[in-house]
Amino acid sequence: MGNSWRIRNAQPALTVTDVTYIPDIYVSFGTRKEGLGLPRTIEITLEDHSVTDAPVAWNGGTPIYDPAAAGVYLFEGTLDLPAGIHNPNQVTAEAKVILKERVPDDVITGLVLDQSSYRLQTGQTHSTVTKAVYSSGRQEALGEGSCSRRVDYPVTGNKN
């Protein structure tokens, strides 16, 4: 006579019905895959409407992610489900990564205005541009006629 075991109150496996939406991820040119900010876990919804977290493993992207090629990459994440949860419909996580264009070295990104303004006409003021600010962080003093090309930047501030 062998022993027989009975499992009582066994819970049926729950099915994954959905995963949380991941907003688009924007990254700077040259960002490595490890720096994309793809989540390590994701919130999943089960058939009984309960919610839990599950680890997620991301593929290499479509097209394959290249930190030196600006563009849009779609990543698919496979869920690593805990015991008692199954995924017969193969629900996956999805993330869109937008790799921005490379910023050219040393381009003008801003202008520094002098601290004093003078009134040209009632309701209008004028500030003198004193420095150009470059993407490298370098600032260059501008003398009269030193700007070789026209640069149009909106200037905001108080109007006296």
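Note: the structure precedes this text.
Residues numbered from 1 in each chain as written. Predicted model: local features only at pLDDT ≥ 70, side-chain atom pairs only at ≥ 80, totals over all residues. Heavy atoms only, no water.

Side note on the nonpolar core
(1) Moving on: Counting 23 residues, the largest nonpolar core has Leu38, Ile42, Ile44, Trp58 and Phe75 as the members making the most contacts within it.
(2) Moving on: Secondary-structure elements contributing two or more residues to this core are β1 (14-19), β2 (25-27), β3 (41-46), β4 (51-58), β5 (71-79) and β7 (93-99).
(3) Moving on: Per-element accounting of this core gives the leading share, four residues, to β7.
(4) Moving on: For Ile42, the residues in contact, after removing those within four places along its chain, are Val19, Thr20, Ile22, Thr52, Asp53, Ala54, Val56, Leu79 and Ala93. (Core = buried A, V, L, I, M, F, W, Y, C linked by side-chain atoms within 4.5 Å. Buried < 20%, exposed > 50% of the residue type's maximum accessible area, 1.4 Å probe, protein only. Helix = DSSP H or I, 4+ residues; strand = E, 2+ residues; numbered from the N terminus. Contact = heavy atoms within 4.5 Å.)

Re the pattern of salt bridges
(1) Moving on: Enumeration according to the criterion identifies two salt bridges in this entry.
(2) Moving on: The partner of Asp24 in a salt bridge is Lys96, and the shortest N-O contact between them spans 3.7 Å. With Asp24 in the loop between β1 and β2 and Lys96 in strand β7, the pair connects residues that are 72 residues apart, well separated along the chain.
(3) Moving on: The residue Arg32 makes a salt bridge to Glu34 at a minimum N-O spacing of 3.1 Å. Pair check on accessibility: Arg32 and Glu34 agree, each one exposed. (Salt bridge = Lys/Arg side-chain N within 4 Å of Asp/Glu carboxyl O.)

Some thoughts on the pairing of β5
(1) Moving on: Here β4 pairs with β5 via three bridges, running antiparallel. Following the sheet pairing, Trp58 is matched in β5 by Gly77.
(2) Moving on: Where β5 and β7 come together, seven bridges link them in antiparallel fashion. Residue pairing in the sheet places Gly77 in a bridge with Ala93 of β7. (Pairing = 2+ DSSP bridges.)

As for the pairing of β4
(1) Moving on: The pairing of β3 with β4 spans five bridges and is classified as antiparallel. Counted as the bridge partner of Thr45 is Val51 from β4.
(2) Moving on: Counting the residues between successive antiparallel strands, the hairpin from β3 to β4 contains four residues, one of them, His49, with a positive phi of roughly 75 degrees.

Details of the side chain of Thr31
(1) Moving on: Counting through the fold element by element, Thr31 comes out in the loop between β2 and β3.
(2) Moving on: Polar contacts involving the side chain of Thr31 include one to the main-chain carbonyl oxygen of Ser28, which spans 2.6 Å.
(3) Moving on: Every residue in contact with Thr31, bar those within four places of it in the chain, is listed here: Leu36, Tyr65, Pro67 and Leu99. (Polar contact = N/O pair within 3.5 Å; in protein donor to acceptor, adjacent residues only side chain to side chain.)

Comments concerning the sheet that holds β5
(1) Moving on: Taken together, seven strands build an open sheet; the order of strands is β2-β7-β5-β4-β3-β1-β6 and the sheet is mixed. The open sheet terminates on both sides in strands that have one partner only, identified here as β2 and β6 (85-86).

Observations concerning the side chain of Thr15
(1) Moving on: Checked against the element boundaries, Thr15 lands in strand β1.
(2) Moving on: Among the polar contacts made by the side chain of Thr15, one reaches the side chain of His86 at a distance of 3.1 Å.
(3) Moving on: Sequence-distant contacts of Thr15, that is, excluding residues within four places in its chain, are made with Thr45, Leu46, Glu47, His86 and Pro88.

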